[in-house]
Amino acid sequence: MDPRPQSRHLRAPADDEPCHAAPQARRPPEVHLLTRITTRTSGLAGTATLLFLLPWLVYGGAIFQRYGLRDDYALLREAREEPGKILRVCAAMGRPLYGWLLEGSARAAGDLDGLGGMRALSIAGLGLLGAAVFLLILKEGWRTAPAALLAAYLTLLPSAQVVASWSICWPQAVALLLGTGAFALARRGFSSPTEAEWRGWAWSLGGVAAMGAATLIYQVSGLFYAVLLAAALVVRRDTDLRATARWMARHLLVMGCGLGVAFAVTKLSFALGLFTPSPRVMFEKHFVDKALWALTQVLPNALALSVLNKTAAPPPAAYWPMVGLTLTLVSLGLFAEGRRAGPDGVVRWLLGLGVLSAAAYSVGFLAGERWPTYRTLYALTGVWSVFFAASLVALGHCWPMHGPRAATALLGAFVAVSALLAHRQSLELFALPQGRELARMEQGALQVVPGWRPRVFVLTARQSDASAPLRYLDEFGSVSVDAEWVAKEMLGALVHERFPQERDVSRLYRFAAAPVLPEPRAYDILVDMRRQEPPRPIQLAR
């Protein structure tokens, strides 16, 4: 045996290779580094692509069902017959960009089948949101697997389910992306070198502009900025709390300036007479009472994460246990952070949790209306989701050998269950119940004969007539045809599909609706929208 030591870089000859073949030359370190960089880049791109596709997989079964939801029917008619009305209505509530986007998309959609295209825009926006969040929090220091799982989960929240399932909500996905972009621009500005200070100011001003644009679409969606801020905070390793406070203050200043710019633009549009302010645009006057209401009605919905609340009934069995689990896990995460970083780490997390929760719900708190709807809770639930995931990861690091993998597995299981819930709820609480309502009304629309001009009476439903297994605000499991105007718009949209050449389909029939059955001789066609199950046939007067 040759006593000389053999290099570990040499390999054994292959079966078909001569034993005297010369060993391959060693690759230079630069080639190995380039290979690792290329492999990592490909892996990140693949993960981002999967995150973009995830909402399509979760919500795809629902969004292309044939259904509309309450305002959708009026939206189609107004975009066609009353140009500018949607813009004026949205601008009256401080959302002119929302109105502009909504009117253009409704005009392009054209009919009921086109509503699926608008919902597809929502899905695309949520997919881009997941990919963007993943890439941004990786830069902040998150490990790949927890970052991907957190980004995926933020597209599965009940708030995201509303955005995905309701056609008129697709501009909110744009606002969420703008809020995320505002964080990215401000982050770039704050990290600019001192010798290029003007570039830092330019990036920061871009962040303010993006935040302002998000606010002019939908005020609460731009506050998603706070979710990215929370994700950056939990992985910071400042040795001085004052540095953390200054960093957070700069970002909150960008958020505040963006909100202020949007408010100034809205007030200026009212002062110039471009738009008339809505009576709903008012500020809260009883802040102590509002704070108590928020703590008891709003915060539990955020802490329950994926578990929905109920209307006019006790919450589901899993609701309060989920609230307790969130609080317990975040408390244990504070303990784990204290072990790692000492009291300063605990104070940093507590400061971030309190300040960023307040920032995420600031617009809802200042508004005069009190609705604990999931659409207004996206940012607040997102902040708590970040601390939920970060706490699980921090607890995993307390047991270095197997803890991180176990924490990632638990987080993955939670995200998987949430994905199944989001898929089921988008179908059972949005698409299928609303599709049943539409099918019932369509039976009546098929009886309308031109020239006969029949009297159509719609017996409107009550919310207790819902066929969905659960009902809550934001139209989860709700009944659309519980008001005369919705019944009128739905019937009109269906008749217009049959006779698209008619400019005014209301001339083809006489319409009336009420929650009480009229005399039989008062109608030719009766559409009973009450109890959706079992189905009732359309009745014709004799």
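All figures in this text were calculated on a predicted structure; none of them were measured in a lab.

What counts, and at which threshold
- Residues numbered from 1 in each chain as written.
- Predicted model: local features only at pLDDT ≥ 70, side-chain atom pairs only at ≥ 80, totals over all residues.
- Heavy atoms only, no water.
- Helix = DSSP H or I, 4+ residues; strand = E, 2+ residues; numbered from the N terminus.
- Buried < 20%, exposed > 50% of the residue type's maximum accessible area, 1.4 Å probe, protein only.
- Contact = heavy atoms within 4.5 Å.
- Areas by Shrake-Rupley, 256 points an atom, 1.4 Å probe, with all protein chains shown as cover.
- Lys, Arg positive; Asp, Glu negative; His and termini not counted.
- Charge placed at Lys NZ, Arg CZ, Asp CG, Glu CD.
- Core = buried A, V, L, I, M, F, W, Y, C linked by side-chain atoms within 4.5 Å.
- Phe/Tyr/Trp six-rings, centres within 6.5 Å; stacked < 30°, edge-to-face > 60°.
- Lys NZ or Arg CZ within 6 Å of the ring centre and 35° of its normal.
- Axes fitted to C-alpha atoms, helices over the stretch in contact; angles between N-to-C directions.
- Parallel < 35°, antiparallel > 145°, perpendicular 65-115°, else oblique.
- Nonpolar A, V, L, I, M, F, W, Y, C, P; charged D, E, K, R; others polar.

Participant: Describe the overall build of the protein chain, with residues and values.
Facilitator: A tally of helices and strands in the protein chain yields 18 helices and four strands. The C-alpha extent of the protein chain, read off along each of the three principal axes, is 110 × 65 × 45 Å. Here the protein chain holds 542 residues, and the buried ones make up 51% of them. Across the protein chain, contacts joining residues at least 24 apart in sequence account for 77% of those joining residues at least 6 apart. Summed over its atoms, the accessible surface of the protein chain is roughly 26,100 Å², and 64% of this surface lies on carbon and sulfur atoms. Positive and negative charge centroids in the protein chain, built from 54 and 39 side chains respectively, lie 3 Å apart.

Participant: Help me get a handle on unusual backbone geometry, residues and values and all.
Facilitator: Here the phi dihedral of Arg70 falls at roughly 50 degrees; this positive angle occurs in a residue that is not glycine. Along the chain, Arg70 falls in the loop between α1 (29-63) and α2 (71-81). Given a relative accessible area of 13%, Arg70 falls into the buried group. Positioned with a positive phi, Leu305 is a non-glycine residue whose angle comes to about 55 degrees. Residue Leu305 is classed as buried on the basis of its relative accessible area, which comes to 0%.

Participant: How would you sum up the nonpolar core? Please name residues and give values.
Facilitator: Soluble globular proteins tend to pack their nonpolar side chains together in the buried interior. If you look at the biggest cluster of nonpolar residues, it comprises 159 residues, and the most contacted ones within it are Tyr59, Trp142 and Met441. The residues touching Met441, leaving out its near neighbours within four places in the chain, are Val458, Val481, Ala487, Met490, Leu491, Leu494, Val527 and Met529.

Participant: An account of the packing of aromatic side chains is requested, with residue identities and associated values reported.
Facilitator: Applying the stated criterion across every chain yields a total of 13 aromatic pairs. An aromatic cluster is defined as three or more aromatic residues linked by ring pairs; in this entry it consists of Tyr374, Phe430, Tyr472 and Phe476. A cation over a ring is seen here: Arg119 above Tyr67, with NZ or CZ 3.9 Å from the ring centre. Residue placement shows Arg250 over the ring face of Phe190; its charged tip is 5.2 Å from the ring centre.

Participant: Give me the lowdown on the packing of helix α4 (residues 96-109) against helix α9 (residues 197-217), citing residues and values where you can.
Facilitator: One way to put it is that α4 packs onto α9 with a least axis distance of 5 Å and a crossing angle of 65 degrees. One element, α4, and the other, α9, form an angle in the roughly perpendicular class. Along the contact surface, α4 presents Pro96, Leu97, Tyr98 and Leu101, while α9 presents Ala213, Leu216 and Ile217. Split by residue class, the contact of α4 with α9 holds seven nonpolar, no polar and no charged.

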